[in-house]
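Remarks on the overall topology
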Amino acid sequence: MEWINAIVQGVLLGGLYAMFATGLSLIFGVMRLVNIAHGDLIVLAAYLGLVVLEVTGPLNPLATLALVVPVMALIGYVLQRGIFNFTLGKDILPPLLVSFGLSIILQNSLLEIFTADSRRLTAGALEVASFPMVEGVDIGVLPLMMFLTAMGVIALLQFVFYRTAMGRAFRATSDDPEVARMMGLNNRHVFALAMALSMAVVAVAGIFLAMRTNFDPASGPARLIFGFEAVIIGGLGNLWGTLAGGVVVGVAQTVGAQINPGWQQLAGHVVFLIVLAVRPRGLFPRIL
Amino acid sequence: MTAPTPFEVSQATRTSRVAGVIAIAAVAVLAAAPLWAGRADMRLLSEIFTYLALASLWNLLAGFTGLVSVGQQAFVGFGGYMLFAIATFGGIHPLATVPIAGVLGAAVAVPVGILIFRLSGAYFAIGTWVVAEVFRLVFAQISTLGGGSGSSLPVAVVRSIASGRDLREWFTYWCALVLVIGVLALVYGLLSTRRGLALTAIRDSEVASESLGIDIWRTKFLVYIVSGGATAMIGALIFLQKLRISPDAAFSVNDWTAYVIFITVIGGIGTIEGPIIGTIVFFMLRETLADLGSIYLLILGLVAILIMLKSPRGLWGFVVERFGIELFPVRRRVQVGALQGEGKAPREPG
Amino acid sequence: MHDPILAVSGLEAFYGDFRALQGISLEVGENEIVAIIGANGAGKSTFLKCVAGLLANAPGSILFRGEAVGALSADKITARGIALVPEGRRLFSSLSVEENLVIGGQLGRAGRWSLKRIYELFPVLAQRRDLPATSLSGGQQQMVAIGRALMSNPDFIMFDEISLGLAPVVIKDIYAILPAVISEGTSALIVEQDISRALGIADRFICFQEGRVSLAGKPGEHDRAAISAAYFGM
């Protein structure tokens, strides 16, 4: 029964990883940019939540989303227009190295401001609330919320991407930026909107991360890697596939930890490498 | 029709020949360091050598081959652990384990490369990072090597390096010097061969080199394995100097990749001189700003971003553009005896 | 001739060091259809890209309705009423037929063309409105590209090699419909390698050779030999 429990908890954890991943997947889809600072931005969102809570006093951490989401979206827009737009082109080095530099800057700025102590957003009763699914398998309310939120975020992104003018602009600009410009789409603005949207998702992911576990300024890279693994396992360009990828990584980690507590992360990475070896295009490659 | 103009293809320039003489003199002076330098200076020099070597290898991958890795710490740490394992349990002289670590590093690069070469571009970069994490987590599980908290090189093994502390430090210093010269020679040599020129072609245009019949995948793969092996040797040497190893130190992204990337980017990516300039700048900055701790890294990050945005070929690229100097030219230059051929512009599809 | 809608003078364009246009001057009048002919690499597409704002120019080198538009960006050019049907169609492959058309109209110039009118002109597109644009046949894709350009309600429309890669029977259909496309109040530039096609529809033609205008006139004004000389430069 504890194995079933591990799997169930892993599935729910996968929702969080899918949220790490969708932001990454979104900007790659629109502008072929891989943002190495993605994980550090997730941690930045967590710290923003912390600051908001320190100002407002005890609140449910989820309430901070009202502020953290728009602030992160704004940061994303400014980052894109101020930095990343200047790195886009045929050469993959500039965006990669600039985002790597940004990652180091973010980590060390957070370290300077908040010290290396690990922090957490306390959610009070919500943290421990759970209900039994079957004998021996309890479903935590918070993990369940996390998973449902991930599904909601993906459904929303899917809607934005395929049913709105903004999504149309994303796809058109990604297909052919030059012709898109003739249609009145300023690709710098379109890319910045995509980054803003990605950072809005990052904000949600960051707050959930901070409620679920301890975080510190160096927590970012691991989050980037989990998200990245979910993207590749799920298959590039497929958002629901990304959720499945997140679940695979989550289950691998909880099952690995069940075998040996030291194997949690290792098991996730190994499953990723196995998928890469067996199905390099992911479990659910883009269907077009 | 104009008469064929006499020309010769040469790789060397007058500046490069002068630089060659200076380089030989510099090596001689550095080899004699035990005569003129104190222990702290020699340690600093060794560290400079290791960073120069790491940066040159990273530059070979990213700057010349287009393989951007943020996971070279995998090979640094692997080499370090191999040294500890072989010297402690194999009873082999620690200095002799350095080349063995190199061979093992190259060997482990083969399956790793086969796997992550399935990822392209930026995803390749993160893939290398995953591999480095796997290495870190695996070595943290090996309790005979100290598990998560690491271990020190046994006193008996340390003593076996050389009789006396001075001699031991001299040996490791010379070893670092030999390694860095070896790496520079390797990179220069590799880029001067036919295959090396092919590399530059890959960097400049994948399509063009494909039409030249160059097997891109194999060339890239070969470079990846060679640099993996060499990086492992440097890793072995680094931890031979430190005498202590732990998973976090051995597989540190900041120490073995972030710094190395910043050095290369600041100096000039895709040039042989770049890492040299970058290493000098890096250590000058560090000696003056090291007290600032994390602010130092922050400044480095900012400088690297600025350089990437404003002058992507780094400080050296700026010098070349301004003054046309090349110390280690890897491009063949065509010297035309008399410039009188009427240049006909290539046709562009209109 | 009436006041020209488009007046280009001394236009130059560069790809790196290569001078693709070496001082082009020409005019297109209101309601006029002008064909640009010339060999591969003569600079025809480059010229259209310049007018469309995809390549930067000196501000005063291109006048549209008497205003300098040479330095404007592509979206501002479209908003002024210039549209381009690009070479190779360049449809947005991840957009449906209808989305391709809608995006063409999103700058919102008022005018005769609407989604409904486009579907009346090309009924087959109405049937396939929800399919991915690039899943259509070549001829139908060309219809989408033309419809997308029309959706911006241009006063001046440019066609770049619209017959390229299409079967002769399809080309015939497309050209049969062009007069309806370029109906009243619209001027057009047609770039075409198929000289007889181009001359069949145009009021006037201009021949480019190595980035310069080598010949201009009305169809029938010059004999084959003269056109061929202007075309190939022999």
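Residues numbered from 1 in each chain as written. Chains lettered and ligands numbered in written order. Predicted model: local features only at pLDDT ≥ 70, side-chain atom pairs only at ≥ 80, totals over all residues. Heavy atoms only, no water.

1. Side note on the overall build of chain C
As a reminder of what qualifies: Secondary structure is summarised from DSSP: a helix means a run of H or I of at least four residues, a strand means a run of E of at least two, and numbering begins at the N terminus for each. Each residue is assigned to one of three classes by its accessible area relative to the maximum for its type, calculated with a 1.4 Å probe on protein chains only: buried under 20%, partly exposed between the two thresholds, exposed over 50%. Whether two residues are in contact is decided by their heavy atoms, any of which lying within 4.5 Å being enough.
Secondary structure assignment for chain C yields nine helices and ten strands. For chain C, the C-alpha atoms occupy an extent of roughly 50 × 35 × 35 Å along the three principal directions. Buried residues in chain C amount to 53% of all 234 residues. Pairs at least 24 apart in sequence give 67% of the contacts found in chain C among residues at least 6 apart.

2. Overview of the pattern of salt bridges
Residue and element names in this part refer to chain B. Operational definition: Between Lys or Arg on one side and Asp or Glu on the other, a salt bridge is scored when a side-chain nitrogen of the former is within 4 Å of a carboxyl oxygen of the latter.
Considering all chains together, one arrives at 20 salt bridges over all chains under this definition. A salt bridge links D166 to R39, with the nearest nitrogen and oxygen atoms 2.8 Å apart. Of this pair, D166 sits in helix α8 (residues 165-192) while R39 sits in helix α3 (residues 39-65), and the two are 127 residues apart along the sequence. Classification of R39 as partly exposed rests on a relative accessible area of 35%. Between E47 and R286 there is a salt bridge; the shortest N-O distance is 2.8 Å. Highlighted residues: E47 in helix α3 and R286 in helix α14 (residues 273-289), separated in sequence by 239 residues. In the salt-bridge network here, residues are joined through shared partners; they are R39, R43, R165, D166 and E169.

3. Looking at the interface of chain A and chain B
Note: interface size is frequently given as the accessible area lost on complex formation between the parts. Note the threshold: Put simply, buried area is the surface a 1.4 Å probe can reach on two separate parts but cannot reach once they are joined, added for both. Polar contact is the term for a pair of N or O atoms within 3.5 Å; when the atoms are in protein, one must be able to donate a hydrogen and the other to accept it, and sequence-neighboring residues count only if both atoms are side-chain atoms.
Taken together, the contacts link 40 residues of chain A with 41 residues of chain B. Ranking the residues of chain A by area buried against chain B places L97, F100 and F228 of chain A at the top, with a combined share of 16%. Inspection of the chain A/chain B interface yields zero salt bridges. Linking chain A with chain B are five residue pairs in polar contact (both at pLDDT 80 or more). If one sorts the elements of the side of chain A that touches chain B by residue count, helix α4 (residues 93-114) of chain A sits on top with 14 residues.

4. Regarding the nonpolar core
Nonpolar side chains in soluble globular proteins tend to end up buried together. Rule in force here: Note on terminology: a nonpolar core comprises buried Ala, Val, Leu, Ile, Met, Phe, Trp, Tyr and Cys residues joined through side-chain atoms within 4.5 Å. In this entry, domain limits derive from an automatic or database-based domain assignment.
Membership of the largest hydrophobic core comes to 242 residues, with the highest contact counts inside it found for Y224 of chain B together with L6, F47, F156 and L189 of chain C. Sorting elements by how many residues they give to this core places helix α9 (residues 187-212) of chain A first, with 16 residues. Three or more residues apiece are contributed to this core by two domains, here domain 1 (40-251) and domain 2 (253-325) of chain B. Discounting residues that sit within four places of it in the chain, Y224 of chain B has contacts with L61, L67, Q72, F75, A109, V112, G113, I116, F117 and F124 of chain B. The next biggest cluster of nonpolar side chains, apart from the first, holds 45 residues, and it includes I37, V144, M151 and L215 of chain C.

5. A look at the environment of G104 of chain C
Of note, G104 of chain C is situated in helix α3 (residues 97-104). Spatially, the C-alpha atoms of G104 of chain C and S228 of chain C are 37 Å apart, while their sequence positions differ by 124 residues. The residues contacting G104 of chain C, other than those within four sequence positions of it, are M183 of chain A together with R148, M151 and S152 of chain C.

6. Topic: the packing of helix α10 (residues 220-234) of chain A against helix α12 (residues 264-278) of chain A
Residue and element names in this part refer to chain A. Heads up, the condition is: Helix axes are fitted to C-alpha atoms over the stretch in contact, other axes to C-alpha atoms as well, and angles between N-to-C directions run from 0 to 180 degrees. By definition in this entry, angles of less than 35 degrees are roughly parallel, angles greater than 145 are roughly antiparallel, angles of 65 to 115 are roughly perpendicular, and the rest are oblique. Two helices crossing with the near one rotated counterclockwise from the far one by less than a right angle form a left-handed crossing, whereas a clockwise rotation gives a right-handed crossing. Gly counts as polar in this scheme, as do all residues outside two lists: the nonpolar Ala, Val, Leu, Ile, Met, Phe, Trp, Tyr, Cys and Pro, and the charged Asp, Glu, Lys and Arg.
In the contact formed by α10 and α12, the axes pass within 10 Å of each other and the chain directions differ by 30°. Taken as axis vectors, α10 and α12 run roughly parallel relative to one another. Judged by the sense of rotation from one axis to the other, the crossing of α10 with α12 is left-handed. In this structure, α10 uses I225, F226, F228, E229, I232 and I233 to contact α12, whose residues at the interface are Q265, G268, H269, F272, V275 and L276. By residue class, the composition of the contact of α10 with α12 is eight nonpolar, three polar and one charged.

7. Overview of the domain arrangement of chain B
Residues and elements named next belong to chain B. Segmentation of chain B into domains returns domain 1 (40-251) and domain 2 (253-325). Domain 1 puts 30 residues into the contact, and the matching count from domain 2 is 19 residues. Buried area between domain 1 and domain 2, summed over both chains or domains, comes out near 2,000 Å², and the portion from carbon and sulfur atoms is 74%. In this assembly, domain 1 and domain 2 are joined by one salt bridge. The interface formed by domain 1 and domain 2 includes eight residue pairs in polar contact (both at pLDDT 80 or more). Elements that contribute at least two residues to the side of domain 1 that touches domain 2 include exactly α3, α4 (73-89), α8, α11 (216-242) and α12 (247-250). If one sorts the elements of the side of domain 1 that touches domain 2 by residue count, α3 sits on top with 13 residues. Here the side of domain 1 that touches domain 2 is built from residues that sort into 20 nonpolar, seven polar and three charged.

8. Quick look at helix α7 (residues 168-181) of chain C
All names here are of chain C. This is how it is decided: Given a helix with a known number of residues, its expected span is that number minus one, times 1.5 Å. Taken from the helix axis, the directions to the C-beta atoms give the arc we talk about.
For α7, spanning 14 residues, the distance from its first C-alpha to its last is 20 Å, which sits close to the expected 20 Å at 1.5 Å a residue. For α7, every residue scored as buried is listed here: I171, I174, Y175, L178 and V181. The arc enclosing the buried residues of α7, seen along the axis, measures out at 105°, which places them on a common side. Opposite the buried face of α7, at more than 90 degrees from it, the exposed residues are V169, K172, D173 and A176.

9. Description of a nonpolar patch on the surface
Residues and elements named next belong to chain A. Spelled out, the test is: A residue counts toward a patch only above 30% relative accessible area and without a salt bridge, and it is joined to like-charged neighbours within 9 Å or, for Val, Leu, Ile, Met, Phe, Trp and Tyr, to nonpolar neighbours within 5 Å. All accessibility values rest on the Shrake-Rupley procedure with a 1.4 Å probe; residue burial counts only the protein chains present in the view.
A contiguous nonpolar surface patch, about 370 Å² in accessible area, is contributed by M1, I4, M133 and V134. Among the secondary structure elements, V134 is positioned in strand β1 (residues 130-134). When its relative accessible area of 42% is taken as the criterion, V134 is described as partly exposed.

10. Points about the environment of V265 of chain B
With respect to the helices and strands, V265 of chain B occurs in helix α13 (residues 253-267). Judged by its relative accessible area of 2%, V265 of chain B is buried. Separated by 206 residues in sequence, V265 of chain B and N59 of chain B have C-alpha atoms that sit 8.8 Å apart. Once you skip the residues sitting within four places of it in the chain, V265 of chain B turns out to touch L97 of chain A together with A304, I307, M308 and G314 of chain B.

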